[in-house]
Amino acid sequence: MLAGSPSDAPPTTLVLTLPDGSTREVPFGTFPREVVATIGARLLQASIAVAVDGDVQDLMTPLRKSGAFVVLTDKDPRALAVMRHSAAHILATAVRRLRPDAHIGFGPAIDDGFYYDFEVAQPFTPDDLDAFEAEMRKVIAEKYPFVREEVSLSEARKRFVDDPLKLERLDDFEGSDEVISTYTDGPFIDLCRGPHVQDSSYLRHFKLLSAAGAYWRGDEKRQMLQRIYATAYFKKEDLDARLQQLEEAKKRDHRVLGKQLDLFQLFPVSPGGVFWTPKGTIVYNTLEAFVRERQHEMFREIKTPLLYTKKLWEQSGHWGKYRENMFLVLDKETGEHDMSLKPMNCPSHHLYYASQRHSYRELPIRYVTFDVLHRNELSGALSGLTRVRQFAQDDCHVYLREDQIADEVQLLMNFILSYYDTFGLTARLKFATRPAERIGSDELWDRAEAALRAALESTGRAYELKEGDGAFYGPKIDFDVTDSIGRAWQLGTIQLDYNAPERFDLQYTGEDNAAHRPVVIHRAVSGSFERFIAILIEHFAGAFPVWLSPEQVRVLPIAPDYNEHAEAFVRRLKAAGIRAHLDARNETLNYRVREGEMQKVPYMCVIGRREAEENTVALRVRGTGKKQEILSTDAFFDRVVDEVRTRALTPMADATSDVSEATA
RNA sequence: GCUGACGUAGCUCAGCUGGCAGAGCAGCUGAUUUGUAAUCAGCAGGUCGUGGGUUCGAAUCCCACCGUCAGCUCCA
């Protein structure tokens, strides 16, 4: 490379290659600011940071290597994180001015903004946030340059003598040769490796969003800091768009829509338990039937008990690793809480597998169970349908030979992804490896991770690596589904398990007539029906495709004269299994149409004199307003029956419906 | 569980510094007989989350508990 000698001595001259192909030779340690200034003064003003050989650094960090030299302006996506990180410092600057007692933690940029953690005696209030925001605008107006200094460990300790959290962080540098740097903007100094924008005026469009507690260093045994979340953008339109997206998310919130559409209820007497209303139960059962239908061929559904003695959980390892999350039940004969509601189906499937002899020819064997599971989640973790204490998974365990892993993973992945396709959902794959808290030897983990990874890679799909995020018994592939406003949720999972077969002494008889150990794969598609329905509600903004809609067709006679005709049509639809309802209430058509739209009924058939005479319906498709279609009752009937049969995504949700506003 | 905010009619929300609990929608009754997002009128509806305390007097102030929410931790 141009960087020169392979010796340890740093090169004295660096060679920078600009995007136009020209090169600059500069002394080692030159500031990028000086290089950019020679290119152009306007560019210097516009530059947020630079990338040297692909690594982003700021303009005040000395250049230490040669390579491609790219100036990052606000057009470059990498510049946004730099600006947001600086915004975090500006926030801290403002907080320190108004609350000099605040000790500072960390303040990074995150995916959609930034945060900063403070240790304060009095937690922040919404009024405080307003005050901080106003103070930040002053800091911005003062245009403080971000000044970088590289200091020794002992010097750093002196500078942060009043900041215990920073001192603790500095302990990590003991014995390391990493450069310790500080950044100062006006009155505020922070231990930080950067990069930063040139001065505080580069922060323009931002908003403080919320304040909440967060454990120091993410450790629940440590003190709780106060974290302020915020976001910032280069352009006002981007900030406005983000804030509007947050508003839209609120309207689509499954808890809000669940109430408006009467899908489910939560009662204080069952925290984390869900009451499914008649309409919600239809959605739930329809989904379950769908999974069941798709699994019909290769999977064997079984039902197993909900309650087991601790002996089973000791064998499975849950008693040691998962007991805190289990609902323990008093056995009145022993006087102990040594029974438990099952938090997972795995052990019961293993028990059943082990109860029979299996030939290598039978494998893979797939058991599926939709039973209710109970997990005693922390009260503060509960949230709507996405985090509950009682739920059901479409839970499958596959027993297979090691040589079948790749094929099986491929099969399960296709199953899961095509299931999501039905709903127009796309998944991001994540590969999660051994966690700190785990069972099984490292050797087993090595094999499991290698096997699952190989199977995943053989599919050729992109995935993200999540170190240490696996289940306590094995590595896994998680399927994160992104809803229509870009939020990710973990739903499906494929987990490879070499541990359970050992613990449950699972066997099959091989070709050699000897006993062999099968491997277990845990699989869920929906994640849980509860969470999946929450995602569907938000994804469709409550406007389910016709096959999933609790009410598929609403028939509206214009006047009592046509009630009989309308009723006959409803009967015909119902006989074909269509969820059709007659709305012949003594209300205006406008009133009834409005209500049908608000309830997001996919199809409303209006029947008046013309329709009754000509045997047609005036069809109003959800979300399309006055654009009615006149078609024969037969044509409509066929259309609906066909859409239900094919599980079509029609009628497409008009997500921008402003109805929720009108009801507020 | 931890930090903070919140809890008023079935729903959405008013009710400022303590002084007789309100609106809209939904519901009920009646009139109206409706051609694609709210016809009109009347009626009814609340231990102000629960339990304590302060006060002549508490939806309002204080404490505890329960629940919900935003996060943290954990997680399908």
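Please read these numbers as outputs of a predicted model, since none were measured by experiment.

The rules we used
- Residues numbered from 1 in each chain as written.
- Chains lettered and ligands numbered in written order.
- Predicted model: local features only at pLDDT ≥ 70, side-chain atom pairs only at ≥ 80, totals over all residues.
- Heavy atoms only, no water.
- Helix = DSSP H or I, 4+ residues; strand = E, 2+ residues; numbered from the N terminus.
- Buried < 20%, exposed > 50% of the residue type's maximum accessible area, 1.4 Å probe, protein only.
- Contact = heavy atoms within 4.5 Å.
- Areas by Shrake-Rupley, 256 points an atom, 1.4 Å probe, with all protein chains shown as cover.
- Lys, Arg positive; Asp, Glu negative; His and termini not counted.
- Charge placed at Lys NZ, Arg CZ, Asp CG, Glu CD.
- Pairing = 2+ DSSP bridges.
- Right-handed = clockwise from strand over helix to strand, strands pointing away.
- Axes fitted to C-alpha atoms, helices over the stretch in contact; angles between N-to-C directions.
- Parallel < 35°, antiparallel > 145°, perpendicular 65-115°, else oblique.
- Left-handed = near helix turned anticlockwise from the far one by under 90°.
- Nonpolar A, V, L, I, M, F, W, Y, C, P; charged D, E, K, R; others polar.
- Patch = residues over 30% accessible without salt bridge, like charges linked within 9 Å, V, L, I, M, F, W, Y side chains within 5 Å.
- Salt bridge = Lys/Arg side-chain N within 4 Å of Asp/Glu carboxyl O.
- Core = buried A, V, L, I, M, F, W, Y, C linked by side-chain atoms within 4.5 Å.
- Arc of directions from axis to C-beta.

With respect to the overall build of chain A
Moving on, step 1. On a plain count of helices and strands, chain A comes out with 21 helices and 35 strands.
Moving on, step 2. Among the 664 residues that make up chain A, the fraction classed as buried is 50%.
Moving on, step 3. Long-range contacts, defined here as pairs at least 24 residues apart, represent 68% of the contacts in chain A between residues at least 6 apart.
Moving on, step 4. Per element, the accessible surface of chain A, about 31400 Å² overall, is 50% carbon and sulfur.
Moving on, step 5. A distance of 2 Å separates the average location of the 85 positive side-chain charges in chain A from that of its 101 negative side-chain charges.

Let's talk about the pairing of strand β24 (residues 426-432)
Moving on, step 1. Examined bridge by bridge, β24 and strand β26 (residues 476-482) share seven bridges and lie antiparallel to one another. The residue of β26 that forms the bridge with L429 is F479.
Moving on, step 2. Where β24 meets strand β25 (residues 464-466), three bridges bridge the pair, whose relative direction is parallel. Looking at β25, one finds that K430 is bridged to E464.
Moving on, step 3. Taking the sense of rotation as the criterion, the β-α-β connection linking β24, helix α14 (residues 442-458) and β25 turns out right-handed.

Concerning the packing of helix α9 (residues 278-295) against helix α16 (residues 529-539)
Moving on, step 1. Their axes nearest at 11 Å, the elements α9 and α16 cross at an angle of 110°. By the criterion of interaxial angle, the relationship of α9 to α16 is roughly perpendicular. In terms of crossing hand, the pair formed by α9 and α16 is right-handed. The segment α9 lies against α16, with V283, Y284, L287, E288 and V291 engaging F529, E530, F532, I533 and L536.
Moving on, step 2. Within the contact of α9 with α16, the residues separate by chemical class into eight nonpolar, no polar and two charged.

Some words on unusual backbone geometry
Moving on, step 1. The amide bond that connects L363 to the next residue, P364, takes the cis arrangement and shows omega of 0°.
Moving on, step 2. Among the structural elements, P364 can be located in the loop between α12 (346-354) and β20 (365-369).
Moving on, step 3. Note that the residue after T650, namely P651, is joined by a cis bond; omega there is -15°.
Moving on, step 4. Within the fold, P651 resides in the loop between α20 (633-645) and α21 (659-663).
Moving on, step 5. Positive phi is not limited to glycine here, since N513 has a value of about 65°.
Moving on, step 6. Positionally, N513 belongs in the loop between β28 (508-509) and β29 (515-516).
Moving on, step 7. Residue N513 is classed as exposed on the basis of its relative accessible area of 65%.
Moving on, step 8. One non-glycine residue with positive phi stands out, namely R647, at about 50°.
Moving on, step 9. The residue R647 is located in the loop between α20 and α21 in this model.

Section: a nonpolar patch on the surface
Moving on, step 1. Judged by side-chain polarity, F267, V269 and F275 come together as a nonpolar surface patch covering roughly 330 Å² of accessible area.
Moving on, step 2. Relative to the helices and strands, V269 resides in the loop between β14 (264-265) and β15 (275-276).

Looking at the nonpolar core
Moving on, step 1. Grouped together as the largest cluster of nonpolar side chains are 62 residues, with contacts concentrated most on Y420, F423 and I477.
Moving on, step 2. It is helix α13 (residues 405-421) that provides the largest number of residues to this core, a total of nine residues.
Moving on, step 3. In contact with I477, other than residues within four places in its own chain, are V409, M413, L429, K430, F431, L452, L456, G492, T493 and I494.
Moving on, step 4. V35, V71, Y116 and Y183 belong to the second largest nonpolar core, which has 54 residues in total.

Quick look at the environment of A46
Moving on, step 1. Secondary-structure assignment places A46 in helix α2 (residues 41-46).
Moving on, step 2. With 26 residues separating them along the chain, A46 and L72 place their C-alpha atoms 8.4 Å apart.
Moving on, step 3. Among all residues touching A46, those that are not within four sequence positions of it are L72, T73 and D74.

Quick notes on the side chain of S86
Moving on, step 1. Tracing the chain through its elements places S86 in helix α3 (residues 77-98).
Moving on, step 2. Of the residues examined, S86 reaches a relative accessible area of 1% and is grouped as buried.
Moving on, step 3. Setting aside residues no more than four positions away along its own chain, S86 makes contact with F146, H196 and V197.

A few points about the pattern of salt bridges
Moving on, step 1. Under the defined criterion, the tally for this structure stands at 56 salt bridges.
Moving on, step 2. As a salt-bridge pair, R366 and E408 come within 2.7 Å of each other at their nearest N and O atoms. A residue pair is termed long-range when its members are at least 10 positions apart, and R366 in strand β20 and E408 in helix α13 qualify at 42 residues. Take R366 and E408: they sit in the same class, and that class is buried.
Moving on, step 3. Linking R517 and E502 is a salt bridge whose minimum nitrogen-to-oxygen distance equals 3.5 Å. Taken together, the positions of R517 in the loop between β29 and β30 (519-524) and E502 in helix α15 (residues 499-503) put the pair 15 residues apart, joining distant regions of the chain.
Moving on, step 4. With a relative accessible area of 33%, R517 lands in the partly exposed category.
Moving on, step 5. With relative accessibility at 42%, the residue E502 sits in the partly exposed group.
Moving on, step 6. Each of E168, R169, D172, R217 and R222 takes part in one network of salt bridges that share partners.

Concerning helix α1 (residues 32-39)
Moving on, step 1. Considered for burial, the residues of α1 that qualify are P32, V35 and V36. All buried residues of α1 fall inside an arc of 95° around its axis, so they share one side.
Moving on, step 2. Those residues of α1 that are buried lie in contact with β1 (13-17), β2 (23-27), α2, β3 (49-52), β4 (55-57) and β5 (67-72).

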